[in-house]
Amino acid sequence: MLLRPRSVILAGSSVYPFVALALRTCVYLAWGVLLFGFTPRSANWVGAAAILLVSVLAFAGLGILSASYQILFKRGNPGKWLVLGISGLVGGMMYPVAVLPRPLQILARLIPVTYSLEGMRAALLGAAGWRELLPSFLTLLLFAAILIPFSFVIFSWSLRRTKVTGTLTHI
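Note that the structure is a prediction, hence the values are computed from the model and not measured.

Taking 1.5 Å per residue, 13 residues should reach 18 Å; helix H5 (residues 112-124) reaches 18 Å between its end C-alpha atoms and fits that length. Where H5 is concerned, the buried positions are Pro112, Val113, Thr114, Tyr115, Ser116, Gly119, Met120, Ala123 and Leu124.

Below, the structure written as structure tokens:
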């Protein structure tokens, strides 16, 4: 049996979800072309890639916060399920944010998925230019600028805390 270095295993386990998601996205785009008349030539692919990049950065902060919880408590993460539930309910995944009652529209503006979906839809379906994409892009960048440093501080504290209590290696 051939043993792999830890770095290869870690890199592979990190890259795999992105590759799987990219393939799934290609399938969805193909369905859009074949079943719903989506025209890929009219989409702003550079704008969509830019929105995707800042979305990944914004969501990375949330992922690091989730990992911090896992390190500390070694249990399922209720915060992650709360964020996913709110995102699914008010983030514009199932219906436009504009049809929600005003308090839920305000809540929708406090989560990054709202801006990610708006930017992606505008770039891919509306062929929006940079002027139209800029508000979503800048808001996602702001989420990333706040969440990433904050999540690193929390993760670092969580790691130190589990080392002090001796629970870092506990399952």
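Additional details are given in the paragraphs that follow.
Let's shift gears to a nonpolar patch on the surface. Together, Val27, Tyr28, Trp31, Val33, Leu34, Leu35 and Phe36 line one region of the surface with nonpolar side chains, adding up to about 820 Å² of accessible area. One can find phenylalanine 36 in helix H1 (residues 6-36).

In this fold, leucine 124 is placed in helix H5. Judged by relative accessible area, which is 17%, leucine 124 ranks as buried. For the pair leucine 124 and isoleucine 148, spaced 24 residues apart in the sequence, the C-alpha separation amounts to 27 Å. Aside from chain neighbours lying at most four places away, what touches leucine 124 is Phe38, Ala43, Trp45 and Ala48.

For the rest of this paragraph, the subject is the nonpolar core. Among the nonpolar cores identified, the biggest contains 17 residues, and Ala48, Ile51, Met120, Leu124, Phe137, Leu140 and Phe143 are the most heavily contacted of them. Put simply, the parts of the chain that give this core at least two residues each are helix H2 (45-73), H5 and helix H6 (130-165). If we skip the residues at most four places from it in the chain, phenylalanine 137 touches Ala50, Ile51 and Val54. Counting six residues, the second-largest nonpolar core is a separate cluster that includes Leu100, Ala108, Ile111 and Val113.

Moving on, we come to the packing of aromatic side chains. According to the stated counting rule, one finds four aromatic pairs in the structure shown. Each ring, one from phenylalanine 38 and one from tryptophan 45, has its centre 6.5 Å from the other, and the planes form 75°; the classification is edge-to-face. Ring centres of tyrosine 115 and phenylalanine 143 lie 6.0 Å apart, and the angle between their planes is 45°; this geometry places the pair in the tilted category. Here the residue tyrosine 115 occupies a position in helix H5, and phenylalanine 143 occupies one in helix H6, the gap between them amounting to 28 residues. Judged by its relative accessible area of 16%, phenylalanine 143 falls in the buried class.

Looking now at the confidence of the model for the chain. Scored by pLDDT, the chain has a mean of 84; 94% of the residues are at 70 or more. Across the chain, the element-wise mean pLDDT spans from 76 in helix H3 (residues 78-90) up to 91 in H6.

Looking now at the pattern of salt bridges. Under the definition given, this model contains one salt bridge. For glutamate 118, the salt bridge identified is with arginine 109, shortest N-O distance 2.8 Å. By relative accessible area, glutamate 118 is classed as partly exposed at 30%. Residue classification places arginine 109 among the partly exposed residues on the basis of a relative accessible area of 34%.

Further remarks concern the packing of H2 against H5. Interaxial distance between H2 and H5 falls to 9 Å at its minimum, and their mutual angle equals 170°. Judged by the inter-axis angle, H2 sits roughly antiparallel to H5. Residues Trp45, Gly47, Ala48, Ile51, Leu52, Ser55, Ala58, Phe59 and Leu62 of H2 touch H5, and the partners they reach there are Pro112, Val113, Ser116, Gly119, Met120, Ala123 and Leu124. Taken together, the residues of the contact of H2 with H5 break down into twelve nonpolar, four polar and no charged.

What follows covers the layout of surface pockets. Size it by volume and the largest pocket reaches roughly 1,500 Å³. Lining the largest pocket are 28 residues; nearest its centre among them are Leu21, Thr25, Leu52, Ser116 and Met120. Those elements that provide at least two residues to the lining of the largest pocket are H1, H2 and H5. Top element by residues in the lining of the largest pocket is H1. It accounts for eleven residues.

About the criteria used
Residues numbered from 1 in each chain as written. Predicted model: local features only at pLDDT ≥ 70, side-chain atom pairs only at ≥ 80, totals over all residues. Heavy atoms only, no water. Helix = DSSP H or I, 4+ residues; strand = E, 2+ residues; numbered from the N terminus. Expected span 1.5 Å × (residues − 1). Buried < 20%, exposed > 50% of the residue type's maximum accessible area, 1.4 Å probe, protein only. Patch = residues over 30% accessible without salt bridge, like charges linked within 9 Å, V, L, I, M, F, W, Y side chains within 5 Å. Areas by Shrake-Rupley, 256 points an atom, 1.4 Å probe, with all protein chains shown as cover. Salt bridge = Lys/Arg side-chain N within 4 Å of Asp/Glu carboxyl O. Contact = heavy atoms within 4.5 Å. Core = buried A, V, L, I, M, F, W, Y, C linked by side-chain atoms within 4.5 Å. Phe/Tyr/Trp six-rings, centres within 6.5 Å; stacked < 30°, edge-to-face > 60°. pLDDT = per-residue confidence, 0-100. Axes fitted to C-alpha atoms, helices over the stretch in contact; angles between N-to-C directions. Parallel < 35°, antiparallel > 145°, perpendicular 65-115°, else oblique. Nonpolar A, V, L, I, M, F, W, Y, C, P; charged D, E, K, R; others polar. 1 Å grid on protein atoms, 1.4 Å probe; cavity = no way out; pocket = protein on both sides within 12 Å on 5 of 7 lines; lining within 4 Å. Points joined across faces, edges and corners; volume = space filled by probe spheres on them.

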